[in-house]
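Analysis of the macromolecular model
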Amino acid sequence: MAFHSLVGFLHMGGYAFYVWLAYGIAMLSIVILVVNTLMETHKIKRFVKKRMLRDKRIQKAQKMEGAL
Amino acid sequence: MFDAFIQVVIKDLKTAFRQKSDILNPVWFFIIVVTLFPLGIGSAPALLRRIAPDIIWVAALLASLLSFERLFKDDFIDGTLEQLMLTPYSLAWLVSAKVFTHWLLTGLPILFVSPLLATFLSLDMTTYFALFLTLLIGTPILSLLGGIGVALTVGLRKGGILLSLIMLPLSIPILIFSTMAIDAAGYGQPYLGLLALLGAMLLGAIMFAPFAIAASLRVSVS
Amino acid sequence: MFDAFIQVVIKDLKTAFRQKSDILNPVWFFIIVVTLFPLGIGSAPALLRRIAPDIIWVAALLASLLSFERLFKDDFIDGTLEQLMLTPYSLAWLVSAKVFTHWLLTGLPILFVSPLLATFLSLDMTTYFALFLTLLIGTPILSLLGGIGVALTVGLRKGGILLSLIMLPLSIPILIFSTMAIDAAGYGQPYLGLLALLGAMLLGAIMFAPFAIAASLRVSVS
Amino acid sequence: MWKWLHPYAKAQKSYQLSGKLLPWFVGLTTTTSIIGLVWGLLFAPPDYQQGDSFRIIYIHVPAAMMAMAAYVMMAIGAFIALVWQIRLAAMSVAATAPVGAVFTFIALVTGAAWGKPMWGAWWVWDARLTSELILLFIYMGIIGLYNAFSDKVLAGRAASILTLVGVINLPIIHYSVVWWSTLHQGATIIKFGKPLIAPEMLWPLLIMIVAFGAFLCALTLMRFRNEILIRESHRPWVCALVTGGDK
Amino acid sequence: MVNIKTALFFIALLIFYYLFVWLVNLMLNCKNLTCVREGNVLFKNLTFNVQAGDIFQIEGENGVGKTSLFRLIIGLSLPYSGEILWQKKNTVSDSGSFHQKLLYLGHKSGIKADLTAFENLQYFQRMHQSYDGVDLWDVLAKVGLVGYEDVIIGQLSAGQQRRVALARLWINDCPLWLLDEPFTTIDKSGVAVLEKLIVQHAKNGGLVMFTTHQELQILPNLVSKVVLTKLEQAHYV
Amino acid sequence: MVNIKTALFFIALLIFYYLFVWLVNLMLNCKNLTCVREGNVLFKNLTFNVQAGDIFQIEGENGVGKTSLFRLIIGLSLPYSGEILWQKKNTVSDSGSFHQKLLYLGHKSGIKADLTAFENLQYFQRMHQSYDGVDLWDVLAKVGLVGYEDVIIGQLSAGQQRRVALARLWINDCPLWLLDEPFTTIDKSGVAVLEKLIVQHAKNGGLVMFTTHQELQILPNLVSKVVLTKLEQAHYV
Ligand code: HEM
Ligand SMILES: Nc1ncnc2c1ncn2[C@@H]1O[C@H](COP(=O)(O)OP(=O)(O)OP(=O)(O)O)[C@@H](O)[C@H]1O
Ligand SMILES: Nc1ncnc2c1ncn2[C@@H]1O[C@H](COP(=O)(O)OP(=O)(O)OP(=O)(O)O)[C@@H](O)[C@H]1O
Ligand SMILES: [Mg+2]
Ligand SMILES: [Mg+2]
């Protein structure tokens, strides 16, 4: 164990700002990437569902009166 | 009236956001141009700091210029511009909306990334602050002037570079005043007067440019 | 084969000359960008001379970039590009003709005006000579690389700035080697090695770029 | 060989296979990164020169290495995609690019945050830094190009072409930058050579490299699955997958 | 006697009524229009009036000046001589109120390729304030674009793109329609629907001017024609 | 006996002749074409053959996939599955010789707005080497552009521009013509001339495929039709 207390750990021997900045931004960008990936999966599935609904709608509309 | 303004802004923003890269593009261009210079010059922080305001302003000018065309050209090609002129609203008012959108898409992002570039070019805090202020006042002027240039060239099949030809001389005063202000800030001198001058130019541009743009558009479309 | 090449060149030149300003545009842009810098920096000949090669090269790069789009975009919009792909000739060969025309319309004029700008930026004879040589070898590479970028983005509704995003990193080595060569010349050091390197890059580009362009065009058109 | 595989089965098979592989990589990532981080942040001794600021190394170096590894993966994928016309390979290029870009970004930011206390400046135009920055630009170009196409098959091909052009250019960029910044550069930059690193510092670093590698693979797989879903969205198996709950 | 008085009274009323209607009536007068493009005289002293309920077809071979005439009328370009009156008022000096009453559909369709069909119509609707009540999904269904509401226009076929532009005919209350070849790339069933719509609009008191080179089904019996012919070389203005 | 022998000989000759003609004959085979755009299946397993002398009209409502089919055939995009054969050879692997025999006219007209009509045709002629003998002024007269030979295309009317594109039909010796809505914005007399030209081309052993939504005069009796219909939802590949 290189640090004796939590405060010491957070202080990082005087380099707290730089170390935690580096780790923080790294974590943040990784989290954003993961969330983005998961959201994309979600979006694709929603899109496919929407398209299946749309196909149904198109079928229903096939016999509409007075349409162009 | 206001609703029409907002509708135009919304439409243009939507069009831009549809092509997601489109929003980032002017900024990326700006960043890349700024990084090109150190690449050529080599890393000599003092030298870089000396020419930094100039580089940043030229890059902003070019980024703004490149995205100007988008402002009206697309609308001209697909006929939306014709239709815009056939709405009951004042054309000058509607084009102000387009210019405003353009600033939102280029000027504003450039303001946001400017700290990053200040770091790249090793600017100090005071100078950066002056740079930021000049960009804040200057980029809207660029958008307005660019609007005039684009409106004049939009009907021509090859407006692209002709536009830059018209635009660049017009924007030289802004460039000069801005770099003067920044240099003054770098030497610790007062630069409020120069800022005020820029502000006055902005006011003038806001008052007159929309009408110039509207008139030019009428010429280009017929 | 050769006839087709020449036909394409003639057609593109004719199209450009029809819009007379089109030939002058890239050069004007180049000149204006180069003059913007002294305006911002103020008159400090030593400083200017120090950054002159850099400015000229960045300006050449941007001028070349701005006129790239014209290379294919117009042809894409009016369907001429489709028709070009339907001729019995190799597409790579035909696009070489287009790239060659582009160089004739941008690289060559830039070479011609470079003495003028060297004077503006108070370059001495040796440095200018090196600058000229690097421009002579470098601008064709820019045209070829630009061809790839344009071919990739021509089908997109908003290629403009995406193109610069793709292009600029690719052309950085040329910028660096060229400015290195010019700087070396300025210090009276030999720079033939660097020129040879640029020449090798040119050869490589001539060999591979047409195929990359052709492949990209096929993607963009379909 | 590839071409004779049934054209419909390939994508679905790959989707399922990658689904099976994914948990393993996720597991590997979590375990190694926890071990690596705890060891590196808490137990590794401070550097005698740099103090505790050196702990940035545990993300900086793995991120920088994986940023390049990602590009190598993409290049291989792009080559396969173009030469053998395999759509799945192009998808893998598209899947890897954002991950590589984020790693590059992390390497840049952590490097900058390390540079400020060490060199006194967030950024200097050193060869390594510069080529890393250009790598980021190239990644952004590939991503931007891919996203700009609406037809993802075409997008994949375009991105593959650009990736290959980038491959040819990367070494050129690398050497040009190295020569360039060593030509004029005197003592302005404190050059960092290979640090003589103590084993108790080195071990966590190696573990973190494994963690980042596993993470690269995991994320690439996830994005790869997304790409497959998008491009196969007209196929019955995707519809069944979507309506039949999560799988 | 009372009878005659009341009869006179009613006759007077009728006269006043017609006078009133005539005064208020929607009316487009083109007076002595001459159009010169690049030094060529396209037509000379063209005069005609369009009134409520009229359907005018501008006819003439390619390049005779139909599109140029339309652009004159709506004020996108100015005539060499002559003037255009809307409700007796010059359209150039009073363009705002004229444009409010005008729907123009040109060779260029005026829709944004980057927006979806729905967004395009929404923008049009908002810009023209009117007809806020109309359900755009309904309109899109009417032009046969069910299922394409959220597709970006650039990804539609030529005919589908034109349909989006035509959808505007359902969401406006402008009396004057100027349609420059509205039927291009529209398939047969689509053309039939459009024809019906135009007839309906005229019946409701609208004014329609259109051009086309196609054979139509219903319209030919109902239209008045303005036939433009190529001028002889001698006709210099 | 001699008679039978000679008869047999001639019969054999005839058979060989037909075999020869059949082998050499110009022929386009589309086999099991499936087209997917943006995840929508437009058509599935479409198979048809076009032979010398055939005129094919691709029919179908807006957005059914006619243009997409043309682009597949000429190789501007690749089919999801299936293949196209020209003279029994795959068009993708052997595109050079196929393109030599092919004339395509799409929604985009493929002429340069900055060049004059004459220059455009000259470029086309030179790029295709063939028909050097044709007098281009003559051809331009045939498409009704006398007096517009030296006008920049951008300054012509919509129909006139289309006419310049169509002028190519007179200056090529490609047997296979693919015309995507060639008649749009062309006036009636122009359409009649085009129809005659197409019939003539087929008679001379050419192959024509075209689409249109307009009523035609001569062609309807001569064409074979490929009718595309919208697929039901169930048709996922
Ligand atoms: C923005 C600034 C920086 C960037 C972009 C950057 C980038 C890189 C890159 C690309 C590598 C190569 C990884 C590999 O070999 O696979 C690397 C390695 C390394 N960096 Fe940085 N770096 C930066 C700042 C720093 C600073 C300030 C330090 C320490 C003072 C540092 C220390 C190291 C070390 C120790 C390595 C490992 C070298 C090795 O491979 O043995 N870096 N960095
Ligand atoms: N560029 C494109 N990107 C994606 N999808 C497209 C694109 N162009 C067309 N589509 C889709 O493909 C389908 C068929 O289009 P296509 O242009 O082949 O129709 P078409 O039969 O030629 O119609 P039209 O009669 O209107 O010309 C359309 O439903 C459209 O949604
Ligand atoms: N942009 C332009 N600049 C100069 N002259 C033009 C321009 N557009 C058209 N003209 C000329 O004006 C004449 C009439 O053109 P116009 O477009 O009005 O014809 P049109 O009747 O609409 O023909 P079409 O049936 O082909 O659409 C043409 O002969 C053309 O030469
Ligand atoms: Mg017309
Ligand atoms: Mg079509």
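Each remark here, short or long, concerns the structure printed above.
In this convention, every chain numbers its residues from 1, walking through the sequence in written order. Whichever chain is written first becomes A and whichever ligand is written first becomes 1, with later ones labelled in order. Given that the model is predicted, a residue must reach a pLDDT of at least 70 before its local features are reported, and side-chain atom pairs must reach 80 or more before they are shown or counted; all residues, however, enter totals for whole chains, interfaces and linings. Side-chain descriptors were evaluated using all non-hydrogen atoms of the structure, hydrogens and water having been removed beforehand.

1. What about the relation of the copies chain C and chain B?
Copies overlap after least-squares fitting; the atoms used are the C-alpha atoms of residues with pLDDT of at least 70 in both. The transform that puts chain C on chain B rotates by 180° and translates by 0.1 Å along the axis, for an RMSD of 0.1 Å. A rotation of that kind, with that shift, is consistent with a two-fold axis.

2. Describing the side chain of Thr127(B)
Residue and element names in this part refer to chain B. Put simply, DSSP H or I for four residues or longer makes a helix, DSSP E for two residues or longer makes a strand, and each gets a number counted from the N terminus. Among the structural elements, Thr-127 can be located in helix H7 (residues 125-153). Classification of Thr-127 as buried rests on a relative accessible area of 6%. With sequence-adjacent residues up to four places away left out, Thr-127 is seen in contact with Ile-182 and Gly-186. Note on exposure labels: buried denotes an accessible area under 20% of the residue type's maximum, exposed denotes more than 50%, and partly exposed covers the range between, all computed with a 1.4 Å probe on protein chains only. Contacts are residue-level and defined by heavy atoms, with any inter-residue pair within 4.5 Å sufficient.

3. Some words on the coordination of the iron atom of ligand 1
Listed donors are limited to N, O and S atoms within 2.8 Å of the metal, widened to 3.2 Å for Na, K and Ca; water is not among them, so incomplete-looking sites are possible. Inspection of the coordination sphere of the iron atom of ligand 1 shows a single protein donor, His60(D) (NE2), at 2.0 Å. Summarising the element assignment, His60(D) is placed in helix H2 (residues 57-83).

4. A look at the site of ligand 3
In the vicinity of ligand 3 there are 21 residues, among which Lys66(E), Thr67(E), Ser68(E), Ser157(F) and Gly159(F) approach most closely. Looking at what sits near ligand 3, you find residues from chains E and F. Pairs of N or O atoms are called polar contacts if they sit within 3.5 Å, as long as, within protein, a hydrogen donor faces a hydrogen acceptor (for residues adjacent in sequence, only side-chain-to-side-chain pairs). Gln155(F) places a main-chain nitrogen or oxygen 3.1 Å from a nitrogen atom of ligand 3. Secondary-structure elements contributing two or more residues to the shell around ligand 3 are helix H2 (66-74) of chain E together with helix H6 (158-166) of chain F. Throughout, the ten residues Ala, Val, Leu, Ile, Met, Phe, Trp, Tyr, Cys and Pro are labelled nonpolar, Asp, Glu, Lys and Arg are labelled charged, and all others, Gly among them, are labelled polar. Per-class residue counts for the shell around ligand 3 are five nonpolar, 12 polar and four charged. For this purpose, a residue is taken to be near a molecule or strand whenever a single non-hydrogen atom of the residue falls within 4 Å of it.

5. Considerations on the site of ligand 1
All names here are of chain D. Lining the immediate environment of ligand 1, one finds 19 residues, of which His-60, Met-65, Ala-112, Trp-114 and Glu-132 sit closest. Within the side chain of His-60, an N or O atom sits 2.8 Å from a nitrogen atom of ligand 1. Taken together, the elements giving at least two residues each to the shell around ligand 1 come down to H2, helix H3 (87-119) and helix H4 (127-148). When grouped by side-chain class, the residues that make up the shell around ligand 1 number 13 nonpolar, three polar and three charged.

6. Digging into the environment of Val113(B)
All names here are of chain B. On the secondary structure map, Val-113 appears in helix H6 (residues 107-120). Classification of Val-113 as buried rests on a relative accessible area of 18%. Considering only alpha carbons, one finds Val-113 and Gly-149, 36 residues apart in sequence, at a separation of 26 Å.

7. Here's the deal with the coordination of the magnesium ion (ligand 5)
All names here are of chain F. Taken together, Thr-67 (OG1) and His-107 (NE2) make up the protein donors of the magnesium ion (ligand 5), found 1.9 to 2.4 Å from the metal. Taken together, the positions of Thr-67 in helix H2 (residues 66-74) and His-107 in the loop between strand S6 (102-105) and helix H4 (117-127) put the pair 40 residues apart, joining distant regions of the chain. Thr-67 sits in the partly exposed class, given a relative accessible area of 24%. The class of His-107 is partly exposed, set by a relative accessible area of 34%.

8. Things to note about the interface of chain C and chain B
Opposite the 40 residues of chain C that make contact, chain B presents 41 residues. Reported buried area values correspond to the accessible surface (1.4 Å probe) lost by two parts on association, with both partners' losses combined. Roughly 3,800 Å² of surface becomes buried between chain C and chain B when both sides are summed, with 73% attributable to carbon and sulfur atoms. Our count for the contact surface shared by chain C and chain B stands at zero residue pairs in polar contact (both at pLDDT 80 or more). Residue assignment for the side of chain C that touches chain B shows that the elements contributing at least two residues are helix H2 (21-41), helix H3 (45-77) and helix H8 (160-186) of chain C. It is H2(C) that provides the largest number of residues to the side of chain C that touches chain B, a total of 13 residues. Tallied by class, the residues present in the side of chain C that touches chain B amount to 24 nonpolar, eight polar and eight charged.

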